[in-house]
Amino acid sequence: MTLDALKRQAAARALEYVEDGMRLGLGTGSTAKHFVELLGERVRDGLKVVGVPTSEVTRADAERCGIPLTTLDDLDRLDLTVDGADEIDPDLNLVKGGGGALLREKIVAAASDRMIVIADETKWVARLGRFPLPIEVIPFGLAATRRAITEVFAKAGVSGELVIRKGPDGHAFVTDGGHWIFDAHLGQIPDASYLAGLLNPIPGVVEHGLFIGLAGVAMLAGAQGIRIVERR
Ligand SMILES: O=C[C@H](O)[C@H](O)[C@H](O)COP(=O)(O)O
């Protein structure tokens, strides 16, 4: 079975948790896109839900699929967010942002009563950090922000190259919020929670891709079927 087929299976399993009347956070990426498409089929069959997209790409996909959309300005809380991840560890801490949507994804996940992360098994890791950690930054004062990030890396016992992400045109990739992204090639992150806490207060850092304590359940699709992991 292809990775894409596994992603669709994980998305289909998450759909079983969706109930009529729910307010849903709609994730971003190739796995979350399957969820949006499958949800769209249910909506066309009469399911009543409303969604908050985590990116402009997902907004366009959801509109195309006929899913009614709203914003966090019009809703206090969401019942459930379903999103993909770049890495998932046994505590269900995540690395996200490979697609550049980490800021809106984290805002939406934090506003949700529950987050289900959907993925193929290749995203499961014993320890986060193999996937380069996305750090969304303000372009102003970039060198100062880079120095501050490097300092907290040393404090957290990690190191690695910080590379400004480029778009297909060769220029800096610009997020939906108008920011840039450093991809931090760390290899491994011994204490992701500690590193997240050190990155948060850096003035030029808008957000980072460490999602600590946000996911409650992971649905991991592999050759043997779907493994469901609940946060300990
Ligand atoms: O910014 C992108 C998101 O965090 C994605 O959820 C993440 O990169 C996983 O994407 P995919 O399902 O395409 O592997």
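Residues numbered from 1 in each chain as written. Predicted model: local features only at pLDDT ≥ 70, side-chain atom pairs only at ≥ 80, totals over all residues. Heavy atoms only, no water.

A. Structural detail: the environment of Thr 175. For Thr 175, the location among the structural elements is in the loop between β8 (161–164) and β9 (180–185). Thr 175 sits 21 residues away from Ala 196 along the chain, and the two C-alpha atoms are 20 Å apart. Not counting residues up to four positions away in its chain, the partners in contact with Thr 175 are Gly 100, Glu 136 and Ile 181. (Helix = DSSP H or I, 4+ residues; strand = E, 2+ residues; numbered from the N terminus. Contact = heavy atoms within 4.5 Å.)

B. How the structure looks around the site of the ligand. Around the ligand, 16 residues are found, and the nearest of them are Thr 28, Ser 30, Thr 31, Glu 105 and Lys 123. Within the side chain of Ser 30, one N or O atom sits 2.5 Å away from an oxygen atom of the ligand. At 2.6 Å, a side-chain N or O of Lys 123 approaches an oxygen atom of the ligand. If the ligand stood free it would expose 370 Å²; the protein chains cover 91% of that surface. Residues of the shell around the ligand, tallied by class, amount to two nonpolar, nine polar and five charged. (Near = heavy atom within 4 Å. Polar contact = N/O pair within 3.5 Å; in protein donor to acceptor, adjacent residues only side chain to side chain. Areas by Shrake-Rupley, 256 points an atom, 1.4 Å probe, with all protein chains shown as cover. Nonpolar A, V, L, I, M, F, W, Y, C, P; charged D, E, K, R; others polar.)

C. Spatial organisation of the domain arrangement of the protein. The domains assigned to the protein are domain 1 (3–125 + 212–223) and domain 2 (133–206). Distance between the C-alpha centres of domain 1 and domain 2: 24 Å. Taken together, the 12 residues of domain 1 in the interface contact 13 residues of domain 2. Roughly 910 Å² of surface becomes buried between domain 1 and domain 2 when both sides are summed, with 62% attributable to carbon and sulfur atoms. Area buried by domain 1 at its contact with domain 2 is led by Leu 102, Leu 103 and Ile 212, which between them contribute 44% of it. Inspection of the domain 1/domain 2 interface yields one salt bridge. Among the ionic pairs, Arg 104 bridges to Asp 176, the shortest N-O distance being 3.9 Å. Here domain 1 and domain 2 share four residue pairs in polar contact (both at pLDDT 80 or more) between them. When residues in the side of domain 1 that touches domain 2 are grouped by element, the largest group, three residues, is from helix α4 (residues 102–110). Each residue belonging to the side of domain 1 that touches domain 2 can be placed in one class, and the counts come to four nonpolar, five polar and three charged. (Domains from an automatic or database assignment. Buried area = accessible area lost by both parts, 1.4 Å probe. Salt bridge = Lys/Arg side-chain N within 4 Å of Asp/Glu carboxyl O.)

D. Layout of the sheet that holds β8. Strand order in the open sheet formed by four strands is β8-β9-β7-β10, and the pairing between neighbours is antiparallel. Sheet topology places β8 and β10 (205–208) at the edges, where each strand pairs with a single neighbour. Neighbouring strand axes in the sheet, compared pairwise and without regard to direction, differ in orientation by 30° on average. Pairing between strand β7 (residues 133–137) and β10: three bridges, direction antiparallel. Among the inter-strand pairings, Ile 135 is bridged to a residue of β10, identified as His 208. (Pairing = 2+ DSSP bridges. Axes fitted to C-alpha atoms, helices over the stretch in contact; angles between N-to-C directions.)

E. Spatial organisation of the sheet that holds strand β3 (residues 80–83). The strand order across the open sheet formed by six strands is β2-β1-β3-β6-β12-β13, and the pairing between neighbours is mixed. Each edge of the sheet is formed by a strand with only one pairing partner; in this case those strands are β2 (50–53) and β13 (225–230). Sheet twist, expressed as the mean angle between neighbouring strand axes with direction ignored, is 20°. Two elements, strand β12 (residues 217–222) and β13, share six bridges in a ladder whose sense is antiparallel. What sits directly across from Val 217, in β13, is Glu 230.

F. Molecular detail of the nonpolar core. Ranked by internal contacts, the top residues of the largest apolar core, which has 26 residues, are Val 18, Phe 35, Leu 39 and Ile 118. Breaking this core down by element, the ones donating at least two residues are α1 (3–15), β1 (23–26), α2 (30–44), β3, β6 (115–120) and β12. The contacts of Ile 118, once residues within four sequence positions are left out, are Ala 10, Ala 11, Ala 14, Thr 31, Ala 32, Phe 35, Val 82, Asp 83, Gly 84, Ala 85 and Met 219. With 25 residues, the next largest nonpolar core counts Val 125, Ile 149, Ala 156 and Val 205 among its residues. (Core = buried A, V, L, I, M, F, W, Y, C linked by side-chain atoms within 4.5 Å. Buried < 20%, exposed > 50% of the residue type's maximum accessible area, 1.4 Å probe, protein only.)

G. Spotlight on the packing of α1 against α2. Running from N to C, α1 and α2 cross one another at 50°; their axes reach a closest spacing of 8 Å. By the angle class used here, α1 and α2 are oblique. Every pair of crossing elements has a handedness; the one defined by α1 and α2 is right-handed. Seen from α1, the contacting residues are Asp 4, Lys 7, Arg 8, Ala 11, Ala 12, Ala 14 and Leu 15; seen from α2, they are Ser 30, Thr 31, His 34, Phe 35, Glu 37, Leu 38, Leu 39, Glu 41 and Arg 42. Its residues assigned to classes, the contact of α1 with α2 shows seven nonpolar, three polar and six charged. (Parallel < 35°, antiparallel > 145°, perpendicular 65-115°, else oblique. Left-handed = near helix turned anticlockwise from the far one by under 90°.)

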